[in-house]
Amino acid sequence: SSSSSSSSNNDKKKKKKSGEGKKKEASSLKELPNAPINEEYEEERWGGRFDMRFKEHANVSCNTLPSVVPRFQAYLAAARHVRDWEDAEMGSPRILCWAFTRTGFEERAYALQQTWGRYCDKLLFISNAVVPRLKTMVVELEDDSHDNLWQKMQLAIQAIYARFKGRFDWYYKIDDDTFALMGNMRKLLLSPLIQGRVAEGKGVYVGRSMDSRFYMKHGGCRFNVGGSGYVFDDVAMKGLSQHIADCFVGKKSSADDMLMGCCLEEKLGILPVDTRDSAGGERFHPFDPQFCSDYTLPKDKAKAMREDWFYSYSLKPIKERMAHCAPDTVAWHHLPPHFVHQLWKLWNGCPEMLGAKERGR
């Protein structure tokens, strides 16, 4: 609205006058960066190349879903197998979702924001620059490439907790091509398994648990693989904000997920929770839903332990095909924007394709 825009502009002028909005050099990873959030975005405003393509995806209907495309058929099979928890309620628990993105990847971020991201209590994008119509926290680095995700993670953790401490129960780190079912996320976080860990008060770290020690031979640790994301409770997030700057100082790496697990274990004594269901099905998947239909175990397991990071890292035993994916799966990774919209539509308006009644989520 025009009144909120005017109020926001006045606030910016006040900050500028008082010096609060002045840019601060992040010369040290221990120094908290000034990471202002762009609060001004309009979800229904379209324009520009990315936005117009996004609008086409957002307007997808059941009749236009590509039911004969093999990859979509695999997504449909996964959608029929997995059900989102219908009794989930916003704010129970309170979840802040934050996604890494950067300029050039706007279409992925827009798709996330307009579909499942609505069911986060707050959705925030961590980027190297303000992205129009996205709620963006700018974290600047000289090297904002994929090969320097660890330093971006260190700055982001400090900035997010400084801004939002005490306001959320969980902090869900995702990628801009993640697809999550937030009903199932809430079901998992409210489960006795997770709540029992929370009650211990030592910090909780939830996702797809893996172990890199055998594959790496020297070093490695247990960690939650990125992509499908991982979640910290407030205790873990607070501890990380205080200690993450001291972990792998100056290191440039794209393996931010593994370094995160090593940092949590070394500095805070926090290990990942095994989130497999009672049948051994995984709830977090580093690949897209087609994996649920296609994955089979390698024939030469000894060779796979040496050469296949996914097989080597994964907790054993590993299930195949649809048994690999728990019926209450939480998240997948590597979904192109148009598939994000199509999968979202399947769960939220195409009950005849799923053989189920229409759901409100």
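The structure this text deals with has already been given above.
Just so it is clear, the model here is predicted, and its values are computed rather than measured.

Draft legend 1. Expanded view of the packing of helix α5 (residues 149-164) against helix α10 (residues 256-268). Viewed as axis vectors pointing N to C, α5 and α10 meet at an angle of 55 degrees, and their least axial separation amounts to 9 Å. Put simply, α5 runs oblique to α10. Considering how the two elements wind past one another, α5 and α10 form a crossing that is right-handed. Counted together, Leu149, Trp150, Met153 and Ile157 of α5 and Asp256, Leu259, Met260 and Cys263 of α10 form the full contact between these two elements. Grouping the constituent residues of the contact of α5 with α10 by class yields seven nonpolar, no polar and one charged.

Draft legend 2. Layout of the pattern of salt bridges. Per the counting criterion, the structure on display carries nine salt bridges. In this structure, aspartate 288 engages arginine 71 in a salt bridge whose closest nitrogen and oxygen atoms are separated by 2.8 Å. Here aspartate 288 is found in the loop between α10 and α11 (290-294), whereas its partner arginine 71 is found in helix α3 (residues 70-81), with 217 residues between them in sequence. Taking the shortest distance from any N to any O, the salt bridge between aspartate 121 and arginine 186 comes out at 2.7 Å. Taken as a pair, aspartate 121 in the loop between α4 (106-114) and β3 (122-127) and arginine 186 in helix α6 (residues 182-189) lie far apart in primary sequence, 65 residues in all. Here the residues in one salt-bridge network are Arg108, Asp176 and Asp177, joined through shared partners.

Draft legend 3. Focus on the pairing of β3. Of all six residues making up β3, six are buried, and the element is well covered by its neighbours. Because side chains alternate across β3, one face comprises the buried residues Lys122, Leu124 and Ile126, and the other comprises Leu123, Phe125 and Ser127, equally buried. With five bridges connecting them, strand β2 (residues 95-100) and β3 associate as parallel partners. Residue pairing across strands places alanine 99 opposite phenylalanine 125, the latter belonging to β3. Chirality of the crossover, the property in question, places the unit of β2, α4 and β3 among those that are right-handed. Judged from the three bridges that link them, β3 and strand β4 (residues 136-138) form a sheet pairing that is parallel. Bridging from a neighbouring strand, isoleucine 126 pairs with methionine 137 of β4.

Criteria and thresholds
Residues numbered from 1 in each chain as written. Predicted model: local features only at pLDDT ≥ 70, side-chain atom pairs only at ≥ 80, totals over all residues. Heavy atoms only, no water. Axes fitted to C-alpha atoms, helices over the stretch in contact; angles between N-to-C directions. Helix = DSSP H or I, 4+ residues; strand = E, 2+ residues; numbered from the N terminus. Parallel < 35°, antiparallel > 145°, perpendicular 65-115°, else oblique. Left-handed = near helix turned anticlockwise from the far one by under 90°. Contact = heavy atoms within 4.5 Å. Nonpolar A, V, L, I, M, F, W, Y, C, P; charged D, E, K, R; others polar. Salt bridge = Lys/Arg side-chain N within 4 Å of Asp/Glu carboxyl O. Buried < 20%, exposed > 50% of the residue type's maximum accessible area, 1.4 Å probe, protein only. Pairing = 2+ DSSP bridges. Right-handed = clockwise from strand over helix to strand, strands pointing away.

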